[in-house]
Amino acid sequence: MPTTTIAAENLDKSFSGTPLFSGLSFSASRGLVAVSGRNGSGKTTLLKILAGLARPTSGRVHIETEGAAALTPSERRLAVGWAGPDLELYGELSAVENLHFFRKAAGREADTADLVRRLAAVGLAEEAMRRRVEEYSTGMKQRLRIAFATLFDPPVLVLDEPMVGLDVEGRETVYRVLAAARERGPVLLASNDERDFVDPDQRIEMKGSRRRGA
Amino acid sequence: MSALARAWAVCAKDATQELRRKVAMVAVFFFAATALTLVSFAIGPFGLPAADRPALEAALLWIILFFAAATGLPRAFVAEEEAGTGLALRKTVPAVVVLAGKSLFNFVLFLAMALITIPGFLILLDWKVNSPLAIAATMLAGGYGLAVVSTFLSALVARAGQRNVLFVLIAFPLILPLLLTAISATIVATAGDFPTTPLRVLLAYDGAATCGAYMLAGVAWED
């Protein structure tokens, strides 16, 4: 399997002139990258920048796959799977309808049997998959977020607080997803709970306007 | 999969949401029905001097259509941001595709509203249309431009504070030429002629709006 590398080069992010972090650089090709730091240290913002959902004030993010041509903007969009606490899916649609829509709108085939399999893999019962998402509990929504993040089998996975609201079984499900994903490529996981980082291969500690690599 | 098929997926998703939630649809149709009823009671079929009727009726019709549309069309992107679904959409679908899909949905919503409003206008105000084909062409060209510009502006203001005020302020200079031309075309069509010149202007407006929206979609909605 070709190796995909995500690399950040001198990332700076400021809000209204106040720096959140600066000079942040790292590179990851496979395994778990633990992103830790206190509240407001910039974990969520960093992950959104890596996922292409926010722009850094300066610096660049590279995503390269060994032996492959440079990614087009559309490919790059789907190459990084992302889920975070502020990710919401359509409440009026069921989980299957949500995933079906995102596959279609992204220009990919949408096979219902495959979507059902993906939702079952994150622990959603078949009856729940057909219910509107607005009827879901916090934990069920979190499982759906994980299914969304892995919907396009991205080589890079970026998850922000994926364990929030999950019961023990849900956490084990996410650990399984993480274990499989870190074998394929880099997984960046941000959390306030050290227990979420199982044998991290690399650490990024956010310290407000400074970052320490380890 | 073609960009059109992807835009259609966005349009179908919006339609499904709207059919289940009925927020924009109820607001648009309720406003259109209320405005039509008020106009018909205030003016009625005989309340206007015969010589002024074509111009006043055309203006009233487009005022009703515009303000009814203005209650629903700007919600296209604003609803995504309010519901928090904008991030998922930006993560997976290019802004141009989202804009095309949402414009298509808004265009269909406008046509549905026109299909209900115009028969009401014909009956309640005894509106005489001598060239129904020209009216249909005017509705198509005017409605398309209104849908594209409203949808684009919705993308532009979706993440701004005071978005409703901002929408009106930006929409006024952009939509005014379209409305004035659509009213001119409707006056000509009411008289029985084909409004070739106003329709050309409307089509040029539609083309310019489409190109502008296509080029600026990413800037307007993506970070």
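The coordinates are above.
From a predicted model like this one, the values you see are computed outputs, not experimental measurements. (Residues numbered from 1 in each chain as written. Chains lettered and ligands numbered in written order. Predicted model: local features only at pLDDT ≥ 70, side-chain atom pairs only at ≥ 80, totals over all residues.)

Caption draft 1: Looking closely at the overall build of chain B. Of the regular secondary structure elements, chain B holds nine helices and zero strands. When the helices and strands of chain B are placed in sequence order, the string is α-α-α-α-α-α-α-α-α. The C-alpha radius of gyration computed for chain B amounts to 18 Å, which stays within 12% of the reference 17 Å derived for 223 residues, consistent with globular compactness. The principal-axis extents of the C-alpha atoms in chain B amount to approximately 55 × 35 × 30 Å. Taking all 223 residues of chain B together, the buried fraction comes to 49%. The contacts in chain B between residues at least 6 apart in sequence include a share of 86% that link residues at least 24 apart. (Helix = DSSP H or I, 4+ residues; strand = E, 2+ residues; numbered from the N terminus. Rg over C-alpha atoms; globule rule 2.2 N^0.38 Å. Buried ≥ 20, exposed ≤ 12 C-beta atoms within 10 Å, placed from the backbone. Contact = placed C-beta atoms within 7 Å.)

Caption draft 2: Quick look at helix H4 (residues 112-121) of chain A. Residues and elements named next belong to chain A. The set of residues buried in H4 consists of Leu115, Arg118 and Leu119. One side of H4 holds all its buried residues, which, seen down the axis, span an arc of 95°. Exposed residues pointing more than 90 degrees away from the buried face of H4 are listed as Ala113 and Arg117. Looking one or two residues beyond H4, the residue adopting positive phi is Gly123, at roughly 90°. (Arc of directions from axis to C-beta.)

Caption draft 3: Layout of the pairing of strand S7 (residues 186-190) of chain A. Residue and element names in this part refer to chain A. The buried fraction of S7 amounts to five of the five residues, a majority that puts the element mostly inside the structure. Burial along S7 is two-sided: Pro186, Leu188 and Ala190 facing one way and Val187 and Leu189 facing the other are all buried. In this sheet, S7 lies alongside strand S3 (residues 31-37) in parallel orientation, the contact comprising five bridges. By the bridge assignment for S7, Leu32 is matched with Val187. Across four bridges, the pairing between strand S6 (residues 156-160) and S7 is parallel. Bridge pairing links Leu157 to Val187 in S7. At this point the chain moves from S6, through helix H7 (residues 168-184), to the parallel S7, and the crossover so formed is right-handed. (Pairing = 2+ DSSP bridges. Right-handed = clockwise from strand over helix to strand, strands pointing away.)

Caption draft 4: Main features of the environment of B:Gly145. Residue and element names in this part refer to chain B. Along the polypeptide, Gly145 turns up in helix H7 (residues 132-157). Judged by the 27 C-beta atoms lying within 10 Å of it, Gly145 falls in the buried class. For the pair Gly145 and Leu115, spaced 30 residues apart in the sequence, the C-alpha separation amounts to 17 Å. Discounting residues that sit within four places of it in the chain, Gly145 has contacts with Leu178, Leu202, Tyr205, Asp206 and Ala209.

Caption draft 5: The arrangement of unusual backbone geometry in detail. Despite not being glycine, A:Glu161 has its phi angle at roughly 50°, a positive value. Turning to its location among the elements, A:Glu161 is positioned in the loop between S6 and H7. Phi at B:Asp126 takes a positive value of approximately 50°, unusual for a residue other than glycine. The topology assignment puts B:Asp126 in the loop between helix H6 (95-124) and H7.

Caption draft 6: Molecular detail of the pairing of strand S2 (residues 18-28) of chain A. Residues and elements named next belong to chain A. Two strands pair when backbone bridges link them, and strand S1 (residues 4-15) and S2 are joined in this way by seven bridges, in the antiparallel orientation. In the strand pairing of S2, Lys13 is matched with Phe21. Hairpin connection between S1 and S2: a loop of two residues separates the two successive antiparallel strands, and Ser16 in this loop has a positive phi of roughly 50°.

Caption draft 7: How the structure looks around the interface of chain B and chain A. Across the boundary between the two partners, chain B contributes 21 residues, which contact 23 residues of chain A. Residue assignment for the side of chain B that touches chain A shows that the elements contributing at least two residues are helix H1 (3-21) and helix H5 (86-92) of chain B. Element by element, the count of residues in the side of chain B that touches chain A is highest for H1(B), at eight residues. Considered class by class, the residues forming the side of chain B that touches chain A number nine nonpolar, five polar and seven charged. (Nonpolar A, V, L, I, M, F, W, Y, C, P; charged D, E, K, R; others polar.)

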